[in-house]
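Coordinates in review
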Amino acid sequence: MKANKLILLIIFTVFFASCENELDLDPKQREDATVTLSTEGGVTNVLTGTYALAANGNAYGGRVLLYADLLGVTGSLSTTDLRWRGSFGELRQMYNKLMLSDNVIIEGTYSRLYSIINASNTVIENIDKVKDPDKQKVMIGEANFLRSLAYFDLVRFFAKPYVSGQANTQLGVVIRPNAIYDFGADLSKERSTVDEVYKVIIDGLNLAYTNLPEENSFYADKYSAKALLARVYLQQGNYTAARDAANDVIENSGHSLSAKYADAFNHDTDKAEDVFAIQITKQTGLNDMVTFYASEGNGGRGGDFTIRDAYLEKFSDPDDRAVFNYVNEDNGRLLTSKFTDQFGDVPLIRLAEMYLIRAEANLRLGTATGDTPLNDINLIRTRANADELLTLTVDDILLERQLELGMEGFLIHDIRRTKQSIDISADGDGSDLLLYDSNRLVFPIPLKEMDANKKITQNPGYGS
Amino acid sequence: MKINLKHFLWLLLVLSVQIAVAQGGTISGTVTDNKGVPIPGVNIVLKGTSVSTQTDFDGNFKIQANTGDVLVASYVSFATVEVKASNAMTIKMVETQNELEAVMVVGYGTQSKKNLTDNIARVTAKDIQQIPVSNVQNALVGKLAGVQITQTNGKVEGGINIRVRGAASISAGTQPLYVLDGIPLINDNESSNGAPTNPLLTLSTNEIESIDVLKDASSAAIYGARGANGVVLITTKKGKEGKGNFSLNFSQGVSEPTHKRKWLNAKQYVELLQEAGRNVDDLESVEDELEYLSQGTDWRNGEVDTDWQDIAFRTGYTTDADFSASGGDDKTKYFFSGAYNNTTGIIDSNDLERITARSNLSHKVTDRFTAGINFGFSRSVIHRVQDDNSFSTPLQSVAQAPISQARLEDGTPNPNTEYVNYLLAKDNTSWKTIMRRLTGKIFGELKLAKGLKFNSDFSYDLLMQTEDYWQGKNAPFMATDGAVFATSVNTENYVFSNYFTYDHTFAEKHVLNAVAGMEFNKYNRRYQDVNSIYFPNDDFHTIDGGAEVNEGHGNETDYAFVSQFGRLNYSYAGKYLFKASVRRDGSSRFGKNERFGIFPAFSAGWVISQEEFLKDNNILSYLKVKASWGKLGNAEIGNFASRQLYRPNPYNLKSGLTFDQAGNDNLTWEKSTQTDLGVEVGFLNKITFEADYYQKDTDGLLFQVPLPLSSGATYINKNIGKIRSSGFEFTLNTKNIETENFKWNTSFNLTTNESVVKSLPNNNTDIILDFGINRVGENISSFYLVEYAGVDPANGDALFVKNTVNADGSLDKSTTNDYSEAKRIISGNPFPTLMSGLTNTMTYKGFDFTFTFQGEWGASIYNSAGQYMSTAADYFDNQTADQLNRWQNPGDITDVPQARFGASNGTQASTRYLDKSDFIRLRNLTFGYSLPSQAVKKMQLSSLRVYFTAVNLLTFTNYEGYDPEARRDDSRASGAAVIGEDFYSAPPAKTIAIGVNINF
């Protein structure tokens, strides 16, 4: 009997001692941040992961582009270029210019863009783990590019427009100058001014331009940064800088227009015209342009955003771009052919845009840097088999932008920088105009941000 | 079933029997009930000695005693009798429903209720058997004081929420720990389609002997860091000595939804939409779309009038068949059972088919050593539909326009509907989930010395689930000629428990019971899925049929617990009861600095009725007061919630890493401290009444504290905040009538609960999640909405109460038609504050009749689909019929605003879509008839009973949605199930069934 008890006691004790070691378990699909950020491989992967964040549907996988056209069209059946027929109420709010601060789609994009910013900051601050100084430079350049890209869309959607030729002290968005590692701290912060945000964007892109190589595979290169810079300067009405930046890309990047308009879209790898594109594969990324613009057969929802006659009537005949669309046989909707490959890349900056920027800036400045505005525009038109223009006004160029870049995420931004109004009246009689700086064209700061950030101010016209 | 209960208890008694000391003569006799039916397993003690025995299967016993000695015969649910011994004597025992004699399962042992200082609620087999529901938990509804059981909605596999004495947590797990025969059960929702499944639907009620819910700290502290949400102990049936018993049960039933909503017909729909279009000067857009929706049919004259709700629902069927065989001799006991359930759900394309089997065996190897095995397995095949937030789930069909045809002439689903036609999903997709569970325990018990024994249990639980989601070429949103998604997950849990038990009585009055032991528990979960696309045709439903395997995932996670525990019970003369227990738990889930926790509990009771001054009081037959205090933990915080983590996030097929979780090194379990004060009173041996007050304070609450989104992260896990759950529980059991032929018993319970937030992170900053808020001083997860103020009679505008704060701190109660001017306020509670259950049982000769009413008061439900379905035609969604009361002319008094197409007139989130969900429900009703025993004997059976039974037969409520128990089941972005929200959620089934129960 005593022996029995002794044996039991021994088993008991030994078992205990061995069990407590079993409590040291590590996650198998995750990695401690301290481990990730302590190695070159880890930091390099965080940069690639930042592109992956950008490739989400609610960021540059498509929705950031979609919003610009939803907000830009009149949304009135008799006049609208594009008609929203989708069932997502949150997107319909944009189409109707009646957004609410609890709009979860807006919240998703806001949140995603700031994840890109924090990831970019993390790469920049941990760059010392990368041994090769050349590689360090490139990575800093890419991180700055991605961060500026995110801030640019944040400030364009969530703040009152930048008005050229004056101090832009209106509220922009929250600037996070440093990466955040301690989320236990109070992270409340007020929005900086629009001027301050633009400064961060431009400084970042200039740094990116300096650091990045001319060729960088499908990642951002020198000219991706410059092209984005051209877009930023145009938005500011800084035509000289916009012209020079666009000209630099056209002259030096080695990119060229594709032979046919149709060739500019629906491909899996970057083509000559792609200055920067978001890479989508079957495994990674989500092409949300296809989701909302394509038929079910092409991987979309049947055509949530359809082309109306008002848009087609803007084209002269002939024009390849006027017929670059198809009818969804399931429901009779007319859909753009720009987004028909579910696993195709999302072109973010096409070279064609640079010609349009250079032409507009040259025309407004009365210069002919690179080429004359008329030649630039006719280059674009000829590629689409449209008749050449003989004379050119700024309005012609703005129209050309709609013809060339329609449904690619430019409309509202062009309306705002050129101070146009949107006529949302039922008959298009001008009885109900939304001015370029209307409260209704600015996204609300998401309610979740309002609730958790005690220092932030909401945009006018939105509740909390 | 009663026989089985007796045998189980008898087995327990055998285990604790002490060797009789030889003494003079032998007395033999028989024990019967008052009808003369022998009772096996009765404990017979020679008074004042330790000489004892039990009756055998025929009720016979032999005991060493002399004529004239006093024998004490006792048996659970019978009154204890003392008789003078005589040879060939017959002892008659009178059945009582005396709850006090019940043996409660307490974790690592059992205890009789009369010595209990804990608060434990119990149901036994007879309370839950033959209720035609497909999961065990649903059979418990309304029968346990302090335990709220809610199935998410009416899907057959729907998730279950059990709240024991209100919530002990806001963000961490709130479900109790389930322990089956000592095995902590895997209770992970493994659904991939958004809506949770109930992993415990693998259990069948026919194998369950009893369910004990440990509610207070005193009882649950033995489960330490896992006990804060209560512990549900499930005990399976066991064999008993004697002639084998074979039991068969078969039943069949039909089901309907408890309630359907009323929708507009084609004529009303067209009228309302045209009006809405006209009111915004845009009739053209509206009619353009009506043309499209009607696809060439004459929508102006109601040519097509489709009732889409009818497409979503159907008549359900249930079939239950089960058998059990049990028996044994003095060494070996056995129990075998098998059960089959087939439930055709009330929702189209939703059904369940389950087989379960169990064998429980024990063998007395020597006088000192007993070993055994409990082993159960089950297989459940579930055909599922998409979650509530999916366009292709059946119930979202109600959004379709009644002027759209459901199917075309050729029978194929109409593809040109406003939203994707559910019938496309019905015809071209399938979701099959198979859950397989193996649960086994091998155990040994060694008697080391008098009163001292050692138990060693090794248990294993394996849940294996596969899911197969097939989409054919014509499935909604299909662009890859079909797709198949297949998942496989294996979750296993093994537990090794070793403990000593010591029982001793000193000087006849000091009764001591001590338990000490240790336990090691390891859990592992391994998951894989794969997706393939481009199929040759719709005949191929597996991954291999696809031309391209385009996506796959695999992951694994685990946790471990190492625990030591001890418990001491002491009672003096059956009057003064004391109990202390402690458990030390260590877990891999907690941060390194906070890895071990100690959970003590103490309780005491005073059985006043045992005192001299009350002992012979015939009116007050029992009186006990008791109190307990203890600490518990809630370790359901996720496996690696404390770590700051990165996750893989590749880009263009290049590896990448992305920030995944904000870390907190000090994260640990939530600590609950619970106090319980109770009294148990018995009158005239007919009425027992129990009242308890409980207060459960949870500190160090785990929170996913929302972060400013501009930080780049959405939340951080923190142990900050306190909540207090408190309330009263009352249980009243009465024997109203008790005659030879007619018996009528009533059991009534009532629970109040208030769960209030006491403190929160960041200096008590409100935590707002969607429509809910946690604010100090308010109910947890209160609704937080803009207050709807009805309609302006002058112009039909929707109005909202401003609720902005005035200079003097009061709220501005004036109204506005500008939604953005109105502030949100606390506007309701998603949890009931009062719950009640009432069960009546009547028997008259061979007839038996039982019914249970259940009621809940104080909760509200927010219909987040209201912004689509109740908007007076803001869009093309079909509308609830109440929208016909819209404002039309100046002066109209109504709460439905003017119909304005696309103008969001009152469609914003507000209390307009919040509704009180108080209800009373006839939860179940059973009427049975047992054939007279003579008739049955002729058929060579021992009993035959036919019965009619029903679930959810009647519901009384003013709630306007489908049903107070229909809540949305998709997990939305936050990952947490949404509390108190309805979103196209299915009502539960109303089922009636008839069955037959035969014993050989």
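Residues numbered from 1 in each chain as written. Chains lettered and ligands numbered in written order. Predicted model: local features only at pLDDT ≥ 70, side-chain atom pairs only at ≥ 80, totals over all residues.

Digging into the interface of chain B and chain A
- Listed as interface residues are 71 residues of chain B and, on the opposing side, 75 residues of chain A.
- Broken down by secondary-structure element, the contributors of at least two residues to the side of chain B that touches chain A are helix H6 (283-294), strand E25 (510-533), strand E26 (548-572), strand E27 (576-587), strand E30 (645-648) and strand E31 (657-661) of chain B.
- Sort the elements by how many residues they give to the side of chain B that touches chain A and E26(B) lands first, with 9 residues.
- Tallied by class, residues from the side of chain B that touches chain A come to 32 nonpolar, 26 polar and 13 charged.
- As defined by bridge partners, strand E1 (residues 31-32) of chain A adjoins E30(B) across 2 bridges and the pair is classed as antiparallel. Across the sheet, the residue bridging to Glu31(A) is Tyr646(B), located in E30(B). (Contact = placed C-beta atoms within 7 Å. Helix = DSSP H or I, 4+ residues; strand = E, 2+ residues; numbered from the N terminus. Nonpolar A, V, L, I, M, F, W, Y, C, P; charged D, E, K, R; others polar. Pairing = 2+ DSSP bridges.)

As for the environment of Gly482(B)
All names here are of chain B.
- Summarising the element assignment, glycine 482 is placed in the loop between strand E23 (452-471) and strand E24 (483-506).
- On the basis of neighbour counts, which here come to 26 C-beta atoms within 10 Å, the residue glycine 482 falls in the buried class.
- In sequence terms glycine 482 and lysine 802 are 320 residues apart; their C-alpha atoms lie 52 Å from each other.
- In contact with glycine 482, other than residues within four places in its own chain, are Gln471, Gly472, Lys473, Phe535 and Asp538. (Buried ≥ 20, exposed ≤ 12 C-beta atoms within 10 Å, placed from the backbone.)

So, the sheet that holds strand E40 (residues 772-774) of chain B
All names here are of chain B.
- Sheet architecture is open: 4 strands sit in the order E39-E40-E41-E47, paired in antiparallel fashion. Of all strands in the sheet, those with a lone pairing partner are strand E39 (767-769) and strand E47 (824-828), marking the two edges. Between one strand axis and the next, the sheet turns through 40 degrees on average, direction left out of account.
- The pairing of E40 with strand E41 (residues 782-786) spans 2 bridges and is classified as antiparallel. (Axes fitted to C-alpha atoms, helices over the stretch in contact; angles between N-to-C directions.)

Describing unusual backbone geometry
- A cis geometry characterises the amide bond from Asp317(A) onward to Pro318(A), with omega recorded as 0 degrees.
- Here Pro318(A) shows up in the loop between helix H12 (309-312) and strand E5 (325-328).
- Even without a glycine there, the phi angle at Asn685(B) is positive, about 55 degrees.
- By secondary structure assignment, the location of Asn685(B) is in the loop between strand E32 (670-683) and strand E33 (687-699).

Some details on the packing of helix H5 (residues 266-279) of chain B against H6(B)
Residue and element names in this part refer to chain B.
- Where H5 contacts H6, the axes come no closer than 7 Å and their chain directions differ by 150 degrees. As the angle between them shows, H5 and H6 are arranged roughly antiparallel. Residues Val270, Leu273, Gln274, Ala276, Gly277 and Arg278 of H5 form the contact with H6, whose own contacting residues are Leu283, Ser285, Val286, Glu287 and Leu290.
- Class assignment for the residues of the contact of H5 with H6 results in 6 nonpolar, 3 polar and 2 charged. (Parallel < 35°, antiparallel > 145°, perpendicular 65-115°, else oblique.)

Some details on the confidence of the model for chain B
Residue and element names in this part refer to chain B.
- Looking at chain B as a whole, the pLDDT averages 88, with 96% of positions reaching at least 70.
- For the stretch residues 1-5, pLDDT sits under 50, and the model shows 12 contacts to residues farther than four places along the chain or on other chains.
- This stretch, residues 8-23, has a pLDDT under 50; its non-local contacts, to residues over four places away or in other chains, come to 33 contacts.
- Confidence metrics for the complex model read pTM 0.78 and ipTM 0.92. (pLDDT = per-residue confidence, 0-100.)

Looking at the pairing of E5(A)
Residue and element names in this part refer to chain A.
- Sheet analysis places E5 next to strand E6 (residues 333-336), joined by 4 bridges and oriented antiparallel. In the sheet register, tyrosine 326 faces E6, and the bridge partner there is leucine 335.
- Counting the residues in the hairpin turn of E5 and E6 gives 4 residues, including glycine 332, whose phi is positive at 75 degrees.

Points about the packing of helix H6 (residues 104-125) of chain A against helix H7 (residues 133-158) of chain A
Residue and element names in this part refer to chain A.
- Viewed as axis vectors pointing N to C, H6 and H7 meet at an angle of 155 degrees, and their least axial separation amounts to 9 Å. Considering the angle they form, H6 stands roughly antiparallel to H7. Classified by chirality, the crossing of H7 by H6 is left-handed. On the side of H6, the interface is formed by Leu113, Ile116, Ile117, Ser120, Asn121, Val123 and Ile124, while H7 contributes Met139, Ile140, Ala143, Leu146, Arg147, Ala150, Tyr151, Asp153 and Leu154.
- By residue class, the composition of the contact of H6 with H7 is 12 nonpolar, 2 polar and 2 charged. (Left-handed = near helix turned anticlockwise from the far one by under 90°.)

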